[in-house]
Amino acid sequence: MARPKKQAEGQTASASATTGKAAASATSTSTTSTTATPTPTKSPSSASSSSKSSGGNGSKSSNSKSRKANAIDTLRTVVPSIFQESQKTSANHRKNAIMLRKIQEQCAEIAADKGEEAFNKEFIRNLNVVLAIKKKEPAADRVIQFVSSFILCTREKDMEAEQANEDEEGAEGISSRFVEYLMHHLLKGVRVKEKQVRLRSCQLIALSTNSLGAMDDDLYTQLKESLLERVRDKEAAVRVQAVFALSKLQGGDEEEEGEAAPTVQDEDNVVMKLVDLMQHDPSADVRRSALFNIEQTKVTLPFILERARDTDAYNRRSVFSKPMEELSDFRVLSIGDRERLLRYGLSDRDEGVKKACTKMLATKWIQQADDNLLEFLERLDVMSSNVADDMLKAFFDFRADIVGGLSFNDVFWVNLTVESAFLVRAYAEFCRSKDDDIQFEKAVPEVTRHAFYIQKYSNAMQEADENDRPEAEFIVTQLLMIAKLLDYADENGRRKMFNLLREMLMLDDIPDKHLDCIVETMGKISLNEKDFTRIVIEIISDIRAGIDEQEFLRNPENSDDDDDSPDDTMDLTGIPRKRKRSIVDKTPSRRSSIVADDIGQSTTEVDAMLIRLRCLTITKFMLERSTEPLKENSYMYGLLNELVIPALSRQEEVMQELGLHCLGLICVLDQNLAQNNIELFLTCVFAENASDQLQVLSLKIVFDLILTFGLTAMSSQITEERIIQDFNKILDSDKPIMQAIVVEGIAKLMLTKLLKSPQILRKMIILYFNPETVDNNLLRQCLNYFLQVYFHSSHENQVTLSEIFVPIMIQLIQMQLDAKGDMPTPAIMAQQLLEWCEPRRVLGAEKEGAAADSNIDFGLQANIAIEVVKVMFTESNAIRKHLPIILYKARVDSDAGEIRLKKLTLLVGNLKAKRPFVEPMSKKYLLSVEKNILKMFEDAPDALDDAELNKLVELTEEISFVVNYEPPEDPVETAPATPVGKTRKPRAVKDKTNAQLAKLMQEVDAILESSESEQDDDEGSDDDEDDD
């Protein structure tokens, strides 16, 4: 049995149409050359029969038969005329398609199969002219569209005939046979050598497939195989049209029952092939074509969302402007997918992508929520969302009409929900950011009433059960965030809010997020920073006082012993108390640490630890907002001795981390304290029993202290060499997070000129190219920005790089040989280093006279070239074969100066004589460098003046290097064998070269001795004159 016919589905793909002058004339000429203007003519037989006929009906019948008989004879004139008219404008396509359909019917009626064959051949003959025309020719594109319109017209006529007479199948046979004939012809075109024919064939198949009714099994299979082959075409334009055409076949591979779902590796499946092209095709146009035409299903939606991170900005923008806007309901996406999609769009670096994402959510998605902001927020799950704030801000910016119409009455404030609290807080922050005080005052109540609302929902939070507690805490958090924005000019409102916040800090179980907001609001309410510190310390003392009093009542005999240990006074014993504990804003590390460390302890001891944690957390939030020096704020000393330092001696990791964090914040306020504790922080970085969080925190504190007070100030207790040595150890660490943090810290120190170490700089460059750091995105991104800014901001930094360039390249080449292809080639790495070392890229170097004003050496890379040539004498063949291309890429021009050019000439000439290269490419690069240098020299004068003799003295170092050089004994590294037909005398050449160099050295020594004797004579004559 034959397979059932497959219905071709898909959206209409419009062919690109752009203006083209030359191609339009070419199309017109090609078509006209084979056609003539159609003129109605009569044959002699028909004319005589018409004159003899006396009956009207007989005359009309004979005329009709005559026209039908002439239809085949006039095909070569009428069909080209229709094609000629169709290329002028698309407005007459429908009319011409109907006319061409009538001609087709007449041919089929007169000669049956032969008439159809004649029509098909003439149609294809005219179509072939268009297939060879180049891309983006409007006239050719209009002809292609006309062919699609004709196929659609024939299909409509078939459907009308079927409805008029179901038993008549003649019309349907004409259309089906024509389409099959056309498709078989186009399938031949997709395999030809000419890319334009392949392009037009795929384009016509894509447009014609929309007009097809049903397709038999053989034609479908051939079409699918051909298009699957064309999507791998080397021309991107052909692949684009092939994807258009292939997308019309989606749905043809219906999954049979019991079969597994298709995967990306299933290349025979059309949908999965489009997914593969959308992900991996190198052309942005092909990926965009697949993105626009692929079906949106549960299988394909995740891959469509991936294109929001496409490398092409237009493709990223297209995700939001087409596929996502066409979603009937964005709830088909999971909450995680919605969150990820909005984060990609709103944080994109391209403004067009941001606008497209904003337009999508502010027009299409909000309409799907019945233009209800609260309903829209419910579908985004704002409690766990990280992008909801940015989303609402972008929404308010785009929909100014909605912003002006928002109002929040008393009923709204009394019945707050998670979404409504989030909405009013985001709106309040938006009004403050726009300095719109009028709208802010309309939206937010006065301070006293707002304090009442905070108290109301705080009480509800304390009474809520475990399931409702997270939502209650979230509402209170939003209200506290609004409190930070209020104006506290009203004394009564300020006092009311202060008392309320003080009471909330005394609560047993308060989330860390609430503590942060409360402390920040109290800082705004306070008169100044000293008053703020005093108030917070008093609250901390009150929190500890309740514990101390309870401890005294239960163990009065131990009260005297507790005075000596401030940490012991916080331990509680006796009857345990029940406390409500928050399940929000408690980090897993803290909760797990407490549970793990306190197994076997009483509930009262756990409660005491929670109180210590609350006190330390409040202290941390207070210190983060303190800027006054420690000497001017005496309240801090008691807090340091009674709370922070005892926390460091605790066994619990969470206590140690909080205590260390607070100690670091206090050290930032006092230089002496920082100098005394810098060694402690460095010790924690390398402590074997310390957790990763503690090591990371300690390292951050070290960099903060150095950035605040400077490396010299921090080296009073420990040497600067010790600090740099510790940095080197961390750079070699096997922990990626530690490497990333130390690289970021060193980058800050170097950019602020607090640290200058060629050794560390060399190691950071090695890390940038090291394949082991390829997955460390934090490190790679930091180095990618830092290295470019560091070297292009100061020529002095480029000089430092030029001094360590050769050792870096030698090490990189050795690493590349060991990595076996996992690293870039030495030429690419050298090109990057040379680009960093380009003096013309330094900031301000493009100005006129920059070299004189800022002492920029534009011939700096000549120094690198000299060192590279020197290394060619000594390194092994495995390494030195990569050096000539590096020498070739170095910029050596007239800015290098005559001395450096002569040094290069001397070194390159002796390199060719003493240790020549074997590889042809190395010889080629070396010869090119030598020729380039020699072009810069003019004809030398006959005699040398004093200035030129002094220049000769500067070549002493290079001459000594060449004279003292001894060729390696390894036979593998000796000079290559002499070609057949040539004779060489290496030893004689070397002896002659050494003799010339020795003679040159003697001349230099003589010059130096004569100059010294002249100086002595001058000094003696001066002494004689003084004696006279």
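Thresholds, definitions, all that
Residues numbered from 1 in each chain as written. Predicted model: local features only at pLDDT ≥ 70, side-chain atom pairs only at ≥ 80, totals over all residues. Heavy atoms only, no water. Helix = DSSP H or I, 4+ residues; strand = E, 2+ residues; numbered from the N terminus. Buried < 20%, exposed > 50% of the residue type's maximum accessible area, 1.4 Å probe, protein only. Contact = heavy atoms within 4.5 Å. Areas by Shrake-Rupley, 256 points an atom, 1.4 Å probe, with all protein chains shown as cover. Phe/Tyr/Trp six-rings, centres within 6.5 Å; stacked < 30°, edge-to-face > 60°. Lys NZ or Arg CZ within 6 Å of the ring centre and 35° of its normal. pLDDT = per-residue confidence, 0-100. Patch = residues over 30% accessible without salt bridge, like charges linked within 9 Å, V, L, I, M, F, W, Y side chains within 5 Å. Salt bridge = Lys/Arg side-chain N within 4 Å of Asp/Glu carboxyl O. Lys, Arg positive; Asp, Glu negative; His and termini not counted. Charge placed at Lys NZ, Arg CZ, Asp CG, Glu CD. Core = buried A, V, L, I, M, F, W, Y, C linked by side-chain atoms within 4.5 Å. Expected span 1.5 Å × (residues − 1). Axes fitted to C-alpha atoms, helices over the stretch in contact; angles between N-to-C directions. Parallel < 35°, antiparallel > 145°, perpendicular 65-115°, else oblique. Left-handed = near helix turned anticlockwise from the far one by under 90°. Nonpolar A, V, L, I, M, F, W, Y, C, P; charged D, E, K, R; others polar. Polar contact = N/O pair within 3.5 Å; in protein donor to acceptor, adjacent residues only side chain to side chain.

Another aspect to go through is the overall build of the protein chain. When helices and strands are tallied, the protein chain shows 49 helices and two strands. By residue count, 48% of the 1028 residues in the protein chain fall in the buried class. By sequence separation, contacts in the protein chain at least 24 residues apart represent 73% of the contacts at least 6 residues apart. For the protein chain, the computed accessible surface area is about 51800 Å², with 49% contributed by carbon and sulfur atoms.

This part covers the packing of aromatic side chains. The relation between two aromatic rings is expressed through the spacing of the ring centres and the mutual angle of the planes. In total, this model carries 27 aromatic pairs according to the counting rule given. Ring geometry for Phe83 and Phe123: centres 5.3 Å apart, planes at 65°, overall edge-to-face. With a gap of 40 residues between them, Phe83 in helix α4 (residues 75-86) and Phe123 in helix α5 (residues 93-131) connect regions that are remote in the sequence. Between Phe83 and Phe146, the ring centres sit 5.8 Å apart and the planes meet at 80°, which makes this aromatic pair edge-to-face. Residue Phe83 is found in helix α4, and its partner Phe146 is found in helix α6 (residues 138-164); the two are separated by 63 residues along the sequence. Of the two residues, Phe83 and Phe146, both sit in the buried class. Feature note: the residues Phe395, Phe396, Phe408, Phe412, Trp413, Tyr427, Phe430, Phe452 and Tyr453 constitute an aromatic cluster, connected by ring pairs. One cation-aromatic arrangement involves Lys456 over Tyr457; the distance from NZ or CZ to the ring centre is 4.2 Å. Above the face of the Phe917 ring, Arg880 is positioned so that its terminal group lies 4.0 Å from the ring centre.

Moving on, we get to the confidence of the model for the protein chain. As a general rule, the predicted coordinates of low-pLDDT regions are not to be interpreted in detail. Scored by pLDDT, the protein chain has a mean of 79; 74% of the residues are at 70 or more. The model gives residues 1-62 a pLDDT under 50, and that stretch makes 79 contacts with residues more than four places away or in other chains. Between residues 255-267, whose pLDDT stays under 50, and residues either more than four places distant or in other chains, the model counts 14 contacts.

The next subject is the environment of Ala206. For Ala206, the position within the fold is in helix α8 (residues 195-209). Excluding its chain neighbours within four sequence positions, the residues that come into contact with Ala206 are Gln241, Phe244, Ala245 and Lys248.

Where like charges cluster on the molecular surface, the negative patch consists of Asp465, Glu466, Asp468 and Glu471. Residue position: Asp465 is located in the loop between α23 (447-463) and α24 (469-483).

With that settled, consider the nonpolar core. With 282 residues, the main nonpolar core has Phe123 and Phe396 as its most contacted residues. If sequence neighbours within four positions are ignored, Phe123 has contacts with Phe83, Leu100, Val147, Phe150, Phe178 and Leu182.

Glancing now at the pattern of salt bridges. If charged atoms from side chains of opposite charge come close, those side chains can pair. Inspection of the entire model under this criterion finds 55 salt bridges. Put simply, Arg331 and Asp329 hold a salt bridge, and the shortest N to O gap is 2.9 Å. Using a relative accessible area of 44% as the deciding quantity, one classes Arg331 as partly exposed. Overall, the relative accessible area of 18% leaves Asp329 in the buried class. Across the pair Arg495 and Glu491 runs a salt bridge, and its minimum N-O distance is 3.3 Å. Here the residue Arg495 and the residue Glu491 both occupy positions in helix α25 (residues 491-505), the gap between them amounting to four residues, near one helical turn. In this structure, a network of salt bridges that share partners links the residues Arg191, Arg198, Glu229, Arg230 and Asp233.

Extensive coverage of helix α42 (residues 860-874) is indicated by the burial of twelve of its 15 residues. Along α42, the positions that sit buried rather than exposed are Leu860, Gln861, Ala862, Ile864, Ala865, Ile866, Val868, Val869, Lys870, Val871, Met872 and Phe873.

Before going further, it helps to examine helix α35 (residues 720-731). Between the first and last C-alpha of α35 there are 17 Å, a value that for twelve residues agrees with the 16 Å anticipated at 1.5 Å per step. For α35, the complete set of buried residues consists of Ile723, Ile724, Asp726, Phe727, Asn728, Ile730 and Leu731. Buried-residue contacts for α35 involve α33 (671-685), α34 (692-709), α36 (736-751) and α37 (758-769).

The next point concerns the environment of Arg232. If you trace the backbone, Arg232 turns up in the loop between α9 (217-230) and α10 (236-247). Note on Arg232: relative accessible area 56%, which makes it exposed. Along the chain, Arg232 and Leu277 lie 45 residues apart, while their C-alpha atoms are 9.3 Å from each other. Ignoring sequence-local partners within four residues, the contact set of Arg232 consists of Arg239 and Lys273.

For Lys931, the location among the structural elements is in helix α46 (residues 920-934). On the basis of relative accessibility, which here comes to 49%, the residue Lys931 falls in the partly exposed class. Once the C-alpha coordinates of Lys931 and Thr905 are considered, the two residues, 26 residues apart in sequence, prove to be 9.6 Å apart.

Here we take up unusual backbone geometry. Residues other than glycine seldom take positive phi values, yet Asp371 does so here, at roughly 55°. Looking at the secondary structure, you find Asp371 in the loop between α16 (351-368) and α17 (373-378). Assessed through its relative accessible area of 53%, Asp371 is described here as exposed. Unusually for a residue other than glycine, Asp381 sits at a positive phi of about 55°. Mapped onto the secondary structure, Asp381 falls in the loop between α17 and α18 (388-398). For Asp381, a relative accessible area of 28% corresponds to the partly exposed category.

As a further point, take the packing of α37 against helix α38 (residues 777-793). Running from N to C, α37 and α38 point in directions that differ by 130°, and their axes come no closer than 10 Å. When the axes of α37 and α38 are compared, the pair comes out oblique. In the packing of α37 onto α38, the handedness of the crossing is left-handed. On α38, the residues that touch Leu761, Met764, Ile765, Leu767, Tyr768 and Phe769 of α37 are Leu779, Arg780, Leu783, Asn784, Phe786, Leu787, Tyr790 and Phe791. Of the residues assigned to the contact of α37 with α38, the class counts are twelve nonpolar, one polar and one charged.

Below, the discussion takes up the packing of α36 against α38. For any two helices packed against each other, one specifies the inter-axial angle together with the distance between the axes. It is the contact of α36 with α38, at a shortest axis distance of 9 Å, that shows an interaxial angle of 15°. Comparing the axis directions of α36 and α38 gives the class roughly parallel. Here α36 and α38 pass one another in a crossing that is left-handed. The segment α36 lies against α38, with Ile737, Gln739, Ala740, Val743, Glu744, Ala747, Met750 and Leu751 engaging Leu778, Leu779, Cys782, Leu783, Phe786, Val789 and Tyr790. Broken down by class, the residue content of the contact of α36 with α38 amounts to 13 nonpolar, one polar and one charged.

What follows is about the side chain of Gln861. Here Gln861 shows up in helix α42. With relative accessibility at 3%, the residue Gln861 sits in the buried group. Within the local environment of Gln861, its side chain forms a polar contact with the backbone oxygen of Leu834, the two atoms lying 3.0 Å apart. Among the polar contacts listed, one links the side chain of Gln861 to the side chain of Glu838, at a separation of 3.4 Å.

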